[in-house]
Amino acid sequence: MSDEINVVITGAAGQIAYSLIFNIIKGDMFGLDQKIRLVLLDLPAFMENLKGVIMEIEDCAYPLVTGIIATTDVNEAFTNAHYAILVGAMPRKEGMERSDLLKANAAIFKVQGKAINDHANKNIKVLVVGNPANTNCLIAMLSAGNIPKENFSCLTRLDHNRAKSQIALKAGVNVKDVHNVIIWGNHSTTQYPDVRCGYVNVSAGVKSTIPNIIKNEAWLQGEFISTVQKRGGAVIAARKFSSAASAAKAITDHMRDWVLGTPEGEYVSMGVHSDGSYGIPAGLIFSFPVTIKSGKYTIVQGLPIDTFSREKLDITLKELQEEKDLALSFLEM
Ligand SMILES: NC(=O)c1ccc[n+]([C@@H]2O[C@H](COP(=O)([O-])OP(=O)(O)OC[C@H]3O[C@@H](n4cnc5c(N)ncnc54)[C@H](O)[C@@H]3O)[C@@H](O)[C@H]2O)c1
Ligand SMILES: O=C(O)CC[C@H](O)C(=O)O
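Remember, predicted model here, so these are calculated numbers, not experimental data.

Asker: Describe in detail the overall build of the chain, supporting the description with residues and values.
Answerer: Along its length, the chain carries twelve helices and 14 strands. In terms of overall size, the chain behaves like a compact globule, its C-alpha atoms giving a radius of gyration of 19 Å where 333 residues would be expected to give roughly 20 Å. Out of the 333 residues in the chain, the part that is buried amounts to 44%.

What follows is the structure in structure tokens.
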């Protein structure tokens, strides 16, 4: 890595950023030796709040921070950016549909995609978090034709972590022993959390598949899936705000693995540009199981897709195609 990296966070005065920034400057994302110049983008009305966040960054006295820029100007923000975490968007409140979000947020990601295209480092890695994350990511990617498609991804790691945790709770094991769960598709209630190929480390050198450990197919195909699919909504209903600390943790996991790589044999879930794998047509941002080496992800190939799974993949694919059509019609792209 270079001596110093420029890391842009949009929505920097918001809830997620308030956890995320501190994970980054502690070294949880890029390692303990990587110097970081933080570039914090938000709307003019939030600059005063951002001043308070910057005071707290300074007061943490973490040695990895070599500079902090606060700005409301997208072109300034993305100039020579090495990493961009696009969190800034309008979050869904109780009673709001995702289609309302689509319209409000699609325009933001078109402008930011273009600014990335025109001003960022050509090797930039972009993670889209703001919802609807897959479609916002697609719009940013389509607006940044000079940047390789593989440099864009969206966050489904929170769903992945939620799935791991639900399995650990049900099986009565530590979450660190649960491996290779998969989130397919959209970061929405149509996602397909799939644990058929996952496993649990039972004791030193002994592992068993998740279906073997849980021994309850009805739960795995029913309550487990719907709990993970609806977890974001459940947090909003209880907290009145959308998940923030767990989202920041998932962003940190996603970026750390994208930059530093995944352990041998370990899959993680990432929303990435579809390439025809598993019958998902090119031209969408779809969550797949991936492995990562030297900063490049590879979609895991050859996993079995049974009839139940095919139906689930088709449902989430259909939703993503509809979101894409709607977003492109709003933007006249
Ligand atoms: N993909 C995921 O797993 C996941 C998980 C949780 C939340 N989210 C989404 O993340 C987004 C942010 O959530 P939050 O809780 O931090 O919201 P928040 O409302 O607390 O913060 C959002 C921030 O974005 C800023 N913002 C809005 N438009 C902007 C723009 N054009 N440029 C720069 N900044 C802008 C706002 O001023 C605000 O400070 C929401 O869309 C939410 O639904 C995604
Ligand atoms: O708006 C939602 O229902 C989900 C919000 C967020 O993406 C999450 O997964 O916690």
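Asker: Please provide a residue-by-residue account of the UniProt feature "binding site: NAD(+)" (unreviewed entry) in the chain, values included.
Answerer: Mapped onto this numbering, the UniProt entry annotates "binding site: NAD(+)" (unreviewed entry) at Asp 42, Asn 105, Val 129, Gly 130 and Asn 131. Along the polypeptide, Asp 42 turns up in the loop between β2 (35–41) and α2 (47–60). Look at Asp 42 and you get buried, because 23 C-beta atoms sit within 10 Å. Those residues in contact with Asp 42 that lie beyond four places of it in its chain are Gly 11, Ala 12, Ala 13, Met 47, Leu 50, Thr 72 and Gly 88. Mapped onto the elements, Asn 105 comes out in helix α4 (residues 98–119). The residues contacting Asn 105, other than those within four sequence positions of it, are Ala 89, Met 90, Gly 130, Asn 131 and Asn 136.

Asker: Which residues make up the sheet that holds strand β7 (residues 178–179), and what are the values?
Answerer: In sheet architecture, strand pairing relies on hydrogen bonds along the backbone and comes in two forms, parallel and antiparallel. Spatial strand order, β7-β10-β11: three strands in an open sheet with antiparallel pairing. Of all strands in the sheet, those with a lone pairing partner are β7 and β11 (206–209), marking the two edges. Bridge count for β7 against strand β10 (residues 199–203) is two bridges, and the pairing is antiparallel. For His 179, the partnering residue across the bridge sits in β10 and is Tyr 199.

Asker: Go over the site of ligand 1, please, and point to the residues and values.
Answerer: Around ligand 1 lies a shell of 27 residues, among which Gly 11, Gly 14, Gln 15, Ile 16 and Gly 88 are the nearest. Counted by class, the shell around ligand 1 contains 15 nonpolar, ten polar and two charged residues.

Asker: With reference to specific residues and values, describe the pairing of β10.
Answerer: Pairing analysis gives four bridges linking β10 to β11, with the strands arranged antiparallel. By the bridge assignment, Asn 201 is partnered in β11 with Lys 207. Counting the residues in the hairpin turn of β10 and β11 gives two residues, including Gly 205, whose phi is positive at 75°.

Asker: A description of the UniProt feature "active site" (unreviewed entry) in the chain should follow, citing residues and the corresponding values.
Answerer: The UniProt record annotates "active site" (unreviewed entry) at His 187. Within the secondary structure, His 187 sits in the loop between β8 (182–184) and β9 (192–194). When the 28 C-beta atoms within 10 Å are taken as the criterion, His 187 is described as buried. Leave out the neighbours within four places in its chain, and His 187 touches Ala 133, Asn 134, Cys 154, Leu 155, Thr 156, Asp 159, Gly 271 and Ser 287.

Asker: Talk me through the domain arrangement of the chain; I want residue IDs and the actual numbers.
Answerer: The domain architecture assigned to the chain consists of domain 1 (4–154) and domain 2 (157–322). Of note, the centres of domain 1 and domain 2, computed from C-alpha atoms alone, are 24 Å apart. Listed as interface residues are 29 residues of domain 1 and, on the opposing side, 27 residues of domain 2. For the side of domain 1 that touches domain 2, the secondary-structure elements that each account for two or more residues are α1 (15–26), β4 (83–86), β5 (125–128), α5 (133–142) and β6 (152–154). Here the side of domain 1 that touches domain 2 is built from residues that sort into 16 nonpolar, six polar and seven charged.

Asker: Quick rundown of the pairing of β2? Include the residues and the values.
Answerer: By the criterion of burial, β2 is predominantly enclosed, with five of the seven residues buried. Relative to β2, strand β1 (residues 4–10) runs parallel, the two being bridged by seven bridges. Residue pairing in the sheet places Ile 9 in a bridge with Leu 40 of β2. What joins β1 to β2 is α1, and the crossover it makes is right-handed. Here β2 runs beside strand β3 (residues 65–71); their pairing, made up of six bridges, is parallel. In the strand pairing of β3, Arg 37 is matched with Gly 67.

Asker: Break down the confidence of the model for the chain for me, with residues and values.
Answerer: Scored by pLDDT, the chain comes out at a mean of 96, with 98% of its residues at no less than 70. Overall fold confidence (pTM) sits at 0.97, and the ipTM for the predicted complex is 0.99.

Asker: Before we move on, could you go through the packing of helix α6 (residues 157–171) against helix α11 (residues 245–260) and cite the residues and values that matter?
Answerer: Packing of α6 against α11 brings their axes to within 8 Å, and their N-to-C directions diverge by 105°. Here α6 lies roughly perpendicular to α11, going by the angle between them. From α6, Arg 157, Leu 158 and Asn 161 reach across to α11, where they touch Ser 246, Ala 247, Ala 250, Asp 253 and His 254. A per-class count over the contact of α6 with α11 returns three nonpolar, three polar and two charged.

Asker: Kindly report on unusual backbone geometry, identifying the contributing residues and their values.
Answerer: The amide bond that connects Asn 131 to the next residue, Pro 132, takes the cis arrangement and shows omega of -5°. Here Pro 132 shows up in the loop between β5 and α5. A positive phi angle, near 50°, is found at Lys 215, a position not held by glycine. Within the secondary structure layout, Lys 215 lies in the loop between α7 (210–214) and α8 (217–221). Its identity as a non-glycine residue notwithstanding, Ser 294 has a phi of 50°, on the positive side. By secondary structure assignment, the location of Ser 294 is in the loop between β13 (285–293) and β14 (296–299).

Calculation rules
Residues numbered from 1 in each chain as written. Chains lettered and ligands numbered in written order. Predicted model: local features only at pLDDT ≥ 70, side-chain atom pairs only at ≥ 80, totals over all residues. Helix = DSSP H or I, 4+ residues; strand = E, 2+ residues; numbered from the N terminus. Rg over C-alpha atoms; globule rule 2.2 N^0.38 Å. Buried ≥ 20, exposed ≤ 12 C-beta atoms within 10 Å, placed from the backbone. UniProt positions renumbered as here; feature names shortened; annotations may be inferred. Contact = placed C-beta atoms within 7 Å. Pairing = 2+ DSSP bridges. Near = placed C-beta within 6 Å. Nonpolar A, V, L, I, M, F, W, Y, C, P; charged D, E, K, R; others polar. Domains from an automatic or database assignment. Right-handed = clockwise from strand over helix to strand, strands pointing away. pLDDT = per-residue confidence, 0-100. Axes fitted to C-alpha atoms, helices over the stretch in contact; angles between N-to-C directions. Parallel < 35°, antiparallel > 145°, perpendicular 65-115°, else oblique.

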